[in-house]
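# Overview (structure and organization)
Listed below are the residues making up each chain.
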Amino acid sequence: MRDVGVAEELAQDALVAALEQWPVSGIPAKPGAWLMGTAKHRAIDLLRRQKTLERKHEELGHELLVEQRELAERDFDAAIEDDMDDDLLRLIFTACHPVLSTEARVALTLRLLGGLTTEEIAHAYLVPEATVAQRIVRAKRTLAEARVPFEVPRGPELAARLSSVLEVIYLIFNEGYAATAGDAWLRPELCEDALRLGRILAELMPNEAEVHGLVALMEIQASRLRARVGPAGEPVLLLDQNRARWDYMLIRRGLAALERAAQFGGALGPYALQASIAACHARARTAEATDWARIVALYDALGQLTPSPVVDLNRAVALAMAFGPAAGLELVDELTSEPSLKAYYLLPSVRGDLLAKLDRLDEARVEFERAASLTKNARERKLLLERAAACSPAAN
């Protein structure tokens, strides 16, 4: 199973079987094992259909051919029995290999493991279908030319490669949770794909704390999807959401995954820390009950672990909620000179919100208008322009 093309076909067959059977029979206790078991049987059928191979070995005699076939099947069975999910895990690590560009990793992962067609991936990311097709073809060619082994790395290399896998899954989730462009505010199907991949990975790698941390983060974030849009598809911001519409089953699953991540001891990783922040919101029955001081402390820890201007911006929001808008604005103002945030629409959006809370409405309007000019999402742009209009003298 070192051919990515063959692996793709087997994975797709197994996923199609899951889509047909799971809605009727329910999701099995071990979805990864179920998928690999199904792929196993498809692979055996494929071996049995290889008549060309049989003809090539006719001169070796019928008995030798039967013996080789039985040996191949016994080896396959032995490998499955040793670790039924091994090939699926290898496929995940191959599709998310750092030798590929981020865009290629995402496209190949959705194609091989998400069950999406090239057309569906193109639609989700609002790019031409030909572009996605080229990314997938080039990704396969790059893997072949780089002689990337079809394996799960061991030792120190595992941490670096696992980081790439988690990044790809979370990128897919984020595009579904807050679409970067187009007319839709959300793409729930991408969130579902990422969640399914995360859950399978947690099943395959139960001793990796950050895998559980990522699953926890996605479960809790996904719990808000229904509340994030209004009747006409308009965005509904976190503090304005009807929390009765949150999916508390997903919240319970997320909190359980977060507990599993913490059971390994030591400091929490970046995904587990972000999940802890999401858990603060999930545990608060009202926006006013949110423990913003704890969220500030968690962002402090996250900033020390993975320094980032975006983390600093989120910390500024939490700081404003905990200690007042002036405290948050002071930190945001420091970020206005950060080159990496120059085209980041959330920076002027946050600054506009804090200025509005301080009754500096003219400045707030300018910031909201600038944020609207930077976003590529039509729904977000409309919301920002509405907030800008609310700051105009005519509206006050």
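Not measured: the values here are computed from a predicted model.

## Description of the environment of Cys191
- By the secondary structure assignment, Cys191 is in helix 10 (residues 188-204).
- With 13 residues separating them in the primary sequence, Cys191 and Ala178 have C-alpha atoms 9.8 Å apart.
- Apart from the residues lying within four places of it in its own chain, the contact partners of Cys191 are Phe173, Gly176, Tyr177 and Leu225.

## Here we look at helix 17 (residues 346-357)
- Relative to the 16 Å expected for twelve residues at 1.5 Å per residue, helix 17 spans 16 Å between its end C-alpha atoms, a close match to the ideal helical length.
- Of all twelve residues making up helix 17, nine are buried, and the element is well covered by its neighbours.
- Residues Leu347, Pro348, Ser349, Val350, Arg351, Gly352, Asp353, Leu354 and Leu355 constitute the buried set of helix 17.
- Where the residues of helix 17 are buried, they touch helix 15 (309-323), helix 16 (325-335), helix 18 (361-374) and helix 19 (378-390).
- Note on helix 17: the residue one or two positions beyond its end, Asp359, has a positive phi of about 65°.

## Overview of the pattern of salt bridges
- This model, assessed by the stated rule, comprises 14 salt bridges.
- Between Glu175 and Arg187 there is a salt bridge, with the nearest N and O atoms lying 2.7 Å from each other. Of this pair, Glu175 sits in helix 9 (residues 156-177) while Arg187 sits in the loop between strand 1 (181-182) and helix 10, and the two are twelve residues apart along the sequence.
- Glu175 sits in the buried class, given a relative accessible area of 8%.

## Some thoughts on a negative patch on the surface
- There is a patch of like negative charges on the surface, built from Glu119, Glu120, Glu129, Glu189 and Glu192.
- Broken down by secondary-structure element, the contributors of at least two residues to the negative patch are helix 7 (118-125) and helix 10.
- You can see Glu192 is positioned in helix 10.
- The class for Glu192 is exposed, based on a relative accessible area of 54%.

## A look at unusual backbone geometry
- Phi is positive for Arg147, close to 50°, though the residue is something other than glycine.
- Position of Arg147 relative to the elements: it lies in the loop between helix 8 (129-145) and helix 9.

## With respect to helix 14 (residues 292-305)
- Along its 14 residues, helix 14 runs 20 Å from first to last C-alpha, staying within 8% of the 20 Å computed at 1.5 Å per residue.
- Along helix 14, the positions that sit buried rather than exposed are Trp292, Ile295, Val296, Leu298, Tyr299, Leu302 and Gly303. Buried residues of helix 14, seen end-on, are gathered within an arc of 165° and therefore sit on one face of the element.
- Considering only its buried residues, helix 14 is in contact with helix 13 (270-283) and helix 15.

## Here's the deal with the packing of helix 11 (residues 209-222) against helix 13
- As a packed pair, helix 11 and helix 13 sit with axes 8 Å apart at the nearest point and diverge in direction by 30°. Considering their axes alone, helix 11 and helix 13 lie roughly parallel with respect to each other. Helix-helix and strand crossings are classified by hand; for helix 11 and helix 13 the assignment is left-handed. Between helix 11 and helix 13, the contacting residues are Glu210, Gly213, Leu214, Ala216, Leu217, Ile220 and Gln221 on the first element and Pro270, Tyr271, Ala272, Gln274, Ala275, Ala278, Ala279 and Ala282 on the second.

## So, the confidence of the model for the chain
- Here the chain averages 85 in pLDDT, and 81% of its residues register 70 or above.
- Across residues 59-69, confidence stays below pLDDT 50; counting only partners more than four residues off in sequence or on other chains, it has four contacts.
- For residues 71-84, every residue scores under 50 in pLDDT, and the model assigns this stretch 13 contacts once sequence neighbours within four places are set aside.

## Structural notes on the packing of helix 16 against helix 17
- Direction vectors running N to C along helix 16 and helix 17 enclose 150°, while the axes themselves pass 9 Å from each other. The two elements helix 16 and helix 17 meet at a crossing, and its hand is left-handed. On helix 17, the residues that touch Pro325, Gly328, Leu329, Val332, Asp333 and Leu335 of helix 16 are Leu347, Val350, Arg351, Leu354, Leu355 and Lys357.
- Among the residues making up the contact of helix 16 with helix 17, the classes are represented as eight nonpolar, one polar and three charged.

## Some points on the environment of Gly324
- Relative to the helices and strands, Gly324 is located in the loop between helix 15 and helix 16.
- C-alpha separation for the pair Gly324 and Leu354, spaced 30 residues apart in sequence, amounts to 9.1 Å.

## Examining the environment of Ala327
- Relative to the helices and strands, Ala327 resides in helix 16.
- Ala327 sits in the partly exposed class, given a relative accessible area of 25%.
- Sequence spacing of Ala327 and Leu354 is 27 residues, and the spatial spacing of their C-alpha atoms is 9.5 Å.

Cut-offs used in this document
Residues numbered from 1 in each chain as written. Predicted model: local features only at pLDDT ≥ 70, side-chain atom pairs only at ≥ 80, totals over all residues. Heavy atoms only, no water. Helix = DSSP H or I, 4+ residues; strand = E, 2+ residues; numbered from the N terminus. Contact = heavy atoms within 4.5 Å. Expected span 1.5 Å × (residues − 1). Buried < 20%, exposed > 50% of the residue type's maximum accessible area, 1.4 Å probe, protein only. Salt bridge = Lys/Arg side-chain N within 4 Å of Asp/Glu carboxyl O. Patch = residues over 30% accessible without salt bridge, like charges linked within 9 Å, V, L, I, M, F, W, Y side chains within 5 Å. Areas by Shrake-Rupley, 256 points an atom, 1.4 Å probe, with all protein chains shown as cover. Lys, Arg positive; Asp, Glu negative; His and termini not counted. Charge placed at Lys NZ, Arg CZ, Asp CG, Glu CD. Arc of directions from axis to C-beta. Axes fitted to C-alpha atoms, helices over the stretch in contact; angles between N-to-C directions. Parallel < 35°, antiparallel > 145°, perpendicular 65-115°, else oblique. Left-handed = near helix turned anticlockwise from the far one by under 90°. pLDDT = per-residue confidence, 0-100. Nonpolar A, V, L, I, M, F, W, Y, C, P; charged D, E, K, R; others polar.

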